[in-house]
Amino acid sequence: MHPSGFCAAAGISSVYSMKVIEVTNLHKRYGTHVAVDDVSFSVAEGEIFGILGPNGAGKTTTVECLSGLREPDRGTIKIAGADDRDSLKRIMGVQLQSAELPEKLKVWEALDLYASFYGRTSGDLLERVGLTEKRDTYFGKLSGGQKQRLSIALALVGGPRIAVLDELTTGLDPQARRDTWELIEQVRNDGVTIVLVTHFMEEAERLCDRLALIDAGRVVATDTPSGLVAMVDDEQRLRFRPSGPFSEEILRALPEVTEVSRSGEQVVVTGTGNLPHAVTLALAAEGVIPTDLRIEQATLDDAFLALTGRKLA
Amino acid sequence: MKKILAVETKLHLRDSWSMLFIIALPLLLLIVIGNIPDLGKPNPDLGGERFVDTQLPATMLLLALTTVALTVLPAVLATYRHQGVLRRMSTTPVSPASMLSVQLIINLGMAVIAAVVLILGARLVHGSPIPSHWAFVPVFLLGTAALMSIGLLIAALAPNAKSAPLIGNVIMFPMLFFAGMWIPRETMPPVLRTISDYSVGGPIVQAMRDTWAGEAPSLGSLAVIVVGLALFSALAVRLFRWQ
Ligand SMILES: Nc1ncnc2c1ncn2[C@@H]1O[C@H](COP(=O)(O)OP(=O)(O)OP(=O)(O)O)[C@@H](O)[C@H]1O
Ligand SMILES: [Mg+2]
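Residues numbered from 1 in each chain as written. Chains lettered and ligands numbered in written order. Predicted model: local features only at pLDDT ≥ 70, side-chain atom pairs only at ≥ 80, totals over all residues. Heavy atoms only, no water.

Under an unreviewed UniProt entry, chain B has the name Transport permease protein and belongs to Nonomuraea soli. The Sequence similarities (unreviewed entry) field of the UniProt record for chain B holds the comment "Belongs to the ABC-2 integral membrane protein family." (UniProt positions renumbered as here; feature names shortened; annotations may be inferred.)

Printed below as a string of structure tokens:
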């Protein structure tokens, strides 16, 4: 075969292998304490990949190995386009869980300085993280949430292909959190691959294409948020107050229903399938209306509980 | 690198306290102490020299240099390590080593400014001589480098940000004492004088005073300073942690 044929073939194969990050059997100890036991996952190009787990699970340690801040004791980390530390630093933007800036550094100066590290300008980032009005404020005078947003901006200022964000929205108020989610989605739409560590189920469900649940240094499951939820029993629970008396037997007779119980005035029905529909229909036939109807479905919390026997938060 | 230098210079200027301690305090002491009447007369204990000629300016300059090298430099570096500034930098294409270089340059700059201010101040207020031996500049640079290597070692060893300047002070005051800030080296009892000869601060003051007065520095002084510089910088390089 022609030498150039080889090159073309190599080029094509790299286009088709979409994995940007591949972590295999990562292991990291601090002294005798095993922080990361055995972690493997891969992240595809353009994906938002979440790492979810309780305090001390080893999330930060994992992403610190990923971003070259720590040397793993065992295991391999492959990052497409980064053959050495220098090229890694160019293509990966990192937001660390705990990293401050000098007290008396102004917001614009920080952004300007870090942009210069990559030979770039900061563009409209200040606006995108909602800090335009704070551009002349000292870092030490920012609120926790504002510091966090500046930190996100610094992770993005180099125009990275991969952004690693540790505790993206911890310390943000609900509005700022939603704004940040929007920002992250925009960034992803620009083609950036994102690895984010989070404590928030809602954040994981809303943002992540796939996520790894980590517990005690091990990956317990990797899937889409809905895939993870579906792993646990797809049982639903219905709570309501009936508008009048009825016989529980008519509900027990339904194929969807597995259990009916009462707690005070409330009726609790568990079952599968289209449970709300079946129950309301059966009640309507008796002339009873379910008031204060609430539907409880399995969440990522439940998935985590089912997989590890432990609560996430 | 230029940008880090510009930004960090701004940060140092915003920290008006350290500027006050480095430049204003030694200058103030130089003026006030120098106005004690007897100190302006030739003193047989100092070989006929006046106290304000080289003794006072050289020890005040050492005060400024130790403040820069032993407290300001380690405080900034230990704080940057503690706050994760150096860690964050190490995720960018620019190495945190450039931050270290920038700090050394800025602190050297402050030392030079302090020296110029004190030399001119002593000249104008007390009529002291201007350092006239060519070796004054190399002696000054060598001494500053030796003190900074101790500062780097403090920054390397300090367990947290607050302890760095405290450790610096604990080293600084005995050093100033042995260098003759309170008792001129000539009038020290032999034991103190011997300790002084090996205290890094002592030889720095001695070599600065000699060159200030227009004489060549003694090889013994230079040797102690060079050995100190080599030893402490080797230790600092081995022990320095970025995170
Ligand atoms: N530098 C360190 N030295 C020693 N032990 C450490 C160090 N950093 C982390 N650990 C320990 O390693 C374990 C994993 O820590 P890690 O920071 O990776 O957890 P995490 O999942 O990020 O937790 P959190 O949700 O609280 O941020 C913890 O038990 C922690 O105490
Ligand atoms: Mg963490």
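1. A short note on the interface of chain A and chain B
It is common to report an interface's size as the accessible area lost on association of the parts. Contact with chain A, which involves 29 residues of that partner, is made by 19 residues of chain B. Of the roughly 2,400 Å² buried at the junction of chain A and chain B (both faces included), carbon and sulfur atoms supply 57%. For chain A, the biggest contributors to the area lost against chain B are A:Leu69, A:Lys89 and A:Phe117; these three give 24% of the whole. Where chain A packs against chain B, one counts four salt bridges. A:Glu64 serves as the salt-bridge partner of B:Arg87, at 2.2 Å between the closest nitrogen and oxygen. Viewed at the interface, chain B and chain A are joined by nine residue pairs in polar contact (both at pLDDT 80 or more). Listed by contribution, the elements that provide at least two residues to the side of chain A that touches chain B are helix 3 (85-91), strand 5 (92-95), helix 4 (107-117) and helix 6 (144-156) of chain A. Per-element tally for the side of chain A that touches chain B: the top contributor is helix 4 of chain A, with seven residues. (Contact = heavy atoms within 4.5 Å. Buried area = accessible area lost by both parts, 1.4 Å probe. Salt bridge = Lys/Arg side-chain N within 4 Å of Asp/Glu carboxyl O. Polar contact = N/O pair within 3.5 Å; in protein donor to acceptor, adjacent residues only side chain to side chain. Helix = DSSP H or I, 4+ residues; strand = E, 2+ residues; numbered from the N terminus.)

2. Here we look at the nonpolar core
Of all hydrophobic cores here, the largest spans 114 residues; its most connected members are A:Leu150, A:Ile194 and B:Leu61. For this core, the leading source of residues is helix 3 (residues 55-83) of chain B, giving 16 residues. Ignoring sequence-local partners within four residues, the contact set of A:Ile194 consists of A:Glu47, A:Ile48, A:Phe49, A:Ala163, A:Leu165, A:Ile184, A:Val187 and A:Arg188. In terms of nonpolar packing, the next biggest core, distinct from the first, is built from 29 residues, A:Val36, A:Ile51, A:Ile79 and A:Ile162 among them. (Core = buried A, V, L, I, M, F, W, Y, C linked by side-chain atoms within 4.5 Å. Buried < 20%, exposed > 50% of the residue type's maximum accessible area, 1.4 Å probe, protein only.)

3. Quick look at the UniProt feature "domain: ABC transmembrane type-2" (unreviewed entry) in chain B
Per the UniProt record, "domain: ABC transmembrane type-2" (unreviewed entry) is found at residues 17-243 of chain B. Here residues 17-243 of chain B is 71% helix and 0% strand, with 27 Å between the C-alpha atoms at its ends.

4. Some remarks on the site of ligand 1
Residue and element names in this part refer to chain A. Close to ligand 1 lie 15 residues, the nearest being Asn55, Gly56, Lys59, Thr60 and Thr61. Here an oxygen atom of ligand 1 sits 3.1 Å away from a polar atom, N or O, in the main chain of alanine 57. Glycine 58 is positioned with one of its backbone polar atoms (N or O) 2.9 Å from an oxygen atom of ligand 1. Mapped onto the shell around ligand 1, the elements with two or more residues apiece are strand 2 (33-44) and helix 2 (59-66). Ranked by the residues each element gives to the shell around ligand 1, the list is headed by helix 2, at three residues. Here the residues of the shell around ligand 1 are counted per class, giving four nonpolar, eight polar and three charged. (Near = heavy atom within 4 Å. Nonpolar A, V, L, I, M, F, W, Y, C, P; charged D, E, K, R; others polar.)

5. Some points on empty space enclosed by the protein
What the rule picks out here adds up to four cavities of 30 Å³ or more. Here the largest cavity defines a volume of roughly 60 Å³. Contributing to the lining of the largest cavity are A:Leu101, A:Pro102, A:Leu105, A:Leu113, A:Tyr114, A:Phe117, B:Val7, B:Glu8, B:Leu11, B:Val85, B:Met89 and B:Met99. Sorting the residues of the lining of the largest cavity by element identifies helix 4 of chain A together with helix 1 (2-14) and helix 4 (85-89) of chain B as the ones contributing at least two each. Partitioned by chemical class, the residues of the lining of the largest cavity number 11 nonpolar, no polar and one charged. (1 Å grid on protein atoms, 1.4 Å probe; cavity = no way out; pocket = protein on both sides within 12 Å on 5 of 7 lines; lining within 4 Å. Points joined across faces, edges and corners; volume = space filled by probe spheres on them.)

6. Points about the domain arrangement of chain A
When cut into domains, chain A gives domain 1 (4-230) and domain 2 (234-297). The centre of domain 1 of chain A, based on its C-alpha atoms, is set 44 Å off from the matching centre of domain 2 of chain A. (Domains from an automatic or database assignment.)

7. Things to note about the coordination of the magnesium ion (ligand 2)
Residue and element names in this part refer to chain A. Here the magnesium ion (ligand 2) is held by the protein donor atoms Thr60 (OG1) and Gln97 (OE1), which lie 1.8 to 2.2 Å from it. Remark: glutamine 97 occurs in the loop between strand 5 and helix 4 and threonine 60 occurs in helix 2; sequence separation between them is 37 residues. By relative accessible area, which is 43% here, glutamine 97 ends up partly exposed. (Donors = N, O, S within 2.8 Å, 3.2 Å for Na, K, Ca; no water.)

8. A word on unusual backbone geometry
Residue A:Asp292 is not a glycine yet carries a positive backbone phi of 50 degrees. On the secondary structure map, A:Asp292 appears in strand 13 (residues 290-296). Since its relative accessible area comes to 49%, A:Asp292 is described here as partly exposed. In this structure, B:Val200 takes a positive phi of about 65 degrees despite not being glycine. On the secondary structure map, B:Val200 appears in the loop between helix 8 (190-197) and helix 9 (201-212).

9. Let's talk about the pattern of salt bridges
Side chains that carry opposite charge are capable of pairing whenever their charged atoms lie near each other. Residues and elements named next belong to chain A. Counted by the stated rule, this structure contains 25 salt bridges over all chains. Linking arginine 262 and glutamate 248 is a salt bridge whose minimum nitrogen-to-oxygen distance equals 2.7 Å. On the criterion of sequence distance, the pair formed by arginine 262 in strand 11 (residues 257-263) and glutamate 248 in the loop between strand 10 (236-242) and helix 10 (249-252) is long-range, its members being 14 residues apart. Among the salt bridges present, the one from glutamate 249 reaches arginine 252, with a minimum N-O distance of 3.2 Å. In this pair, glutamate 249 and arginine 252 both sit in helix 10, three residues apart, roughly one turn of the helix. A cluster of three or more residues bridged by salt bridges with shared partners is formed by Arg237, Arg239, Arg294 and Glu296.

10. Some details on the environment of A:Glu259
Residue and element names in this part refer to chain A. Of note, glutamate 259 is situated in strand 11. You can call glutamate 259 partly exposed: its relative accessible area is 48%. On a C-alpha basis, the gap between glutamate 259 and glycine 217 in space is 38 Å, while along the polypeptide they are 42 residues apart. Not counting residues up to four positions away in its chain, the partners in contact with glutamate 259 are Val268, Val269 and Thr270.

11. Topic: the side chain of B:Thr71
All names here are of chain B. Structurally, threonine 71 is set in helix 3. Among the polar contacts listed, one links the side chain of threonine 71 to the backbone oxygen of threonine 67, at a separation of 2.6 Å. Look past the residues within four positions of threonine 71 in its chain and what remains in contact with it is Thr66, Pro165, Gly168, Asn169 and Met172.

12. Concerning the pairing of strand 2 of chain A
Residue and element names in this part refer to chain A. Pairing analysis gives eight bridges linking strand 1 (residues 19-30) to strand 2, with the strands arranged antiparallel. Counted as the bridge partner of isoleucine 21 is valine 43 from strand 2. Between strand 1 and the antiparallel strand that follows it, strand 2, lie two residues; glycine 31 among them carries a positive phi value of about 65 degrees. (Pairing = 2+ DSSP bridges.)

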